[in-house]
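# Tertiary structure, described
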Amino acid sequence: MAGASGYAGALAAELIRRHPSLELARITARTDAGKRLTELYPQYEVDLVLEEPAAEEGADVDAAVVAYPHGAAAPVVAALREQGTKVVDLSADFRLHDLEEYGRWYGEHGAPQLLGEAVYGLTELHREAIAGAGLVANPGCYPTASILALAPLASEGLIEDVVIDAKSGVSGAGRAAAEEMAVVKESDDTRPYMVTGHRHTPEIAQELGELAGTDTNRVAPHGAPSHMPLTFVPHLMPYDQGELVSCYVHTSEPLDPRRMLSLYEERYGDERFVEVTSEPPGVSGVRETNLCRIHLALNEASGRVLAFASIDNLWKGAASQAIQNLNLMLGLPEGEGIS
């Protein structure tokens, strides 16, 4: 487990520790090396010492989860792949397929030769490819909820434009921003941020575009997709973890409620971690689970489809989805250790 001192990395380490078929061999961190993870996260039972990152860290393991920030993750992933280690990467370094697009949002890439190898790790969309992959790019938390909420419509080519209003607990900002984000929680405040262009926008556009069979992965730096009108605005909420996205979709043709619901039931009827609900979901009901709950409605006045999805941003939005992907890569039952 590389990068175990962050929120998602620490949870991933805990999920691996308690997993019935996996052994947590070691944990590393760029900061806090020499400390036990229980010192940083007493709620977890990972009583291992955080080690300094080392080139040989994947030499004697079958798989690794990498939870370093973008930029820092790529060279670590490259070293692990050179050793033949299967990798689930929680950073953004391998989510975007297009190198130029990555550069616009994140800067120079540390291992561009691996972009063609990486499989986007939204399990419910790419299950077969993930099972045969050596490198899986775990999705961001906002894209996980947004894409699951919209995938049935995108697959039918029904999205003409969409507004995604996303809300996340303060842990979504990451440990590095914890002090600043604590102001939001302590003041019982709600704030939009990165309103003119969040880095998750091209990730959402890429996946929706592939589902629709159109080229929507190219997104201008200010945040406007070049082919699909997509507006994504995130908000920080005054709670620790949890995420809700509200998607307002102008469809390319009118949809009646029966057809709308059938599209979602057909796609997710056999998915153990996606539930289509009769009532709008909240964040407390999915906390500390790998579930995504989706609710649909039709606004007759505007003709828009309303799709709501809730997840735990640290679980399905990061760590437990990483274990879901790791299970598939290792030939284990998909829900083992996270059900």
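Treat the numbers as computed from the prediction; the structure is a model and nothing was measured.

## Focus: the overall build of the protein
In terms of helices and strands, the protein carries ten helices and 13 strands. Scored against the burial criterion, the 339 residues of the protein give a buried share of 55%. In the protein, the proportion of contacts linking residues at least 24 apart, taken out of those at least 6 apart, comes to 69%. For the protein, the exposed surface amounts to about 13800 Å²; the carbon and sulfur share of it is 48%.

## Considering the layout of surface pockets
If you add up the space inside the second largest pocket, you get close to 420 Å³. Lining the second largest pocket are 20 residues, and of these E23, A25, V61, D62 and A63 lie nearest its centre. The biggest single contributor to the lining of the second largest pocket is strand β3 (residues 63-66), with three residues.

## Considerations on the packing of helix α6 (residues 141-155) against helix α8 (residues 200-212)
For the pair α6 and α8, the least separation of the axes is 9 Å and the interaxial angle reads 25°. If you check the angle between α6 and α8, you find them roughly parallel. As α6 runs across α8, the sense of the crossing is right-handed. Counted together, C141, Y142, P143, S146, I147, L150, A151, A154 and S155 of α6 and H200, E203, I204, E207, L208, L211 and A212 of α8 form the full contact between these two elements. Considered class by class, the residues forming the contact of α6 with α8 number eleven nonpolar, three polar and two charged.

Cut-offs and rules
Residues numbered from 1 in each chain as written. Predicted model: local features only at pLDDT ≥ 70, side-chain atom pairs only at ≥ 80, totals over all residues. Heavy atoms only, no water. Helix = DSSP H or I, 4+ residues; strand = E, 2+ residues; numbered from the N terminus. Buried < 20%, exposed > 50% of the residue type's maximum accessible area, 1.4 Å probe, protein only. Contact = heavy atoms within 4.5 Å. Areas by Shrake-Rupley, 256 points an atom, 1.4 Å probe, with all protein chains shown as cover. 1 Å grid on protein atoms, 1.4 Å probe; cavity = no way out; pocket = protein on both sides within 12 Å on 5 of 7 lines; lining within 4 Å. Points joined across faces, edges and corners; volume = space filled by probe spheres on them. Axes fitted to C-alpha atoms, helices over the stretch in contact; angles between N-to-C directions. Parallel < 35°, antiparallel > 145°, perpendicular 65-115°, else oblique. Left-handed = near helix turned anticlockwise from the far one by under 90°. Nonpolar A, V, L, I, M, F, W, Y, C, P; charged D, E, K, R; others polar.

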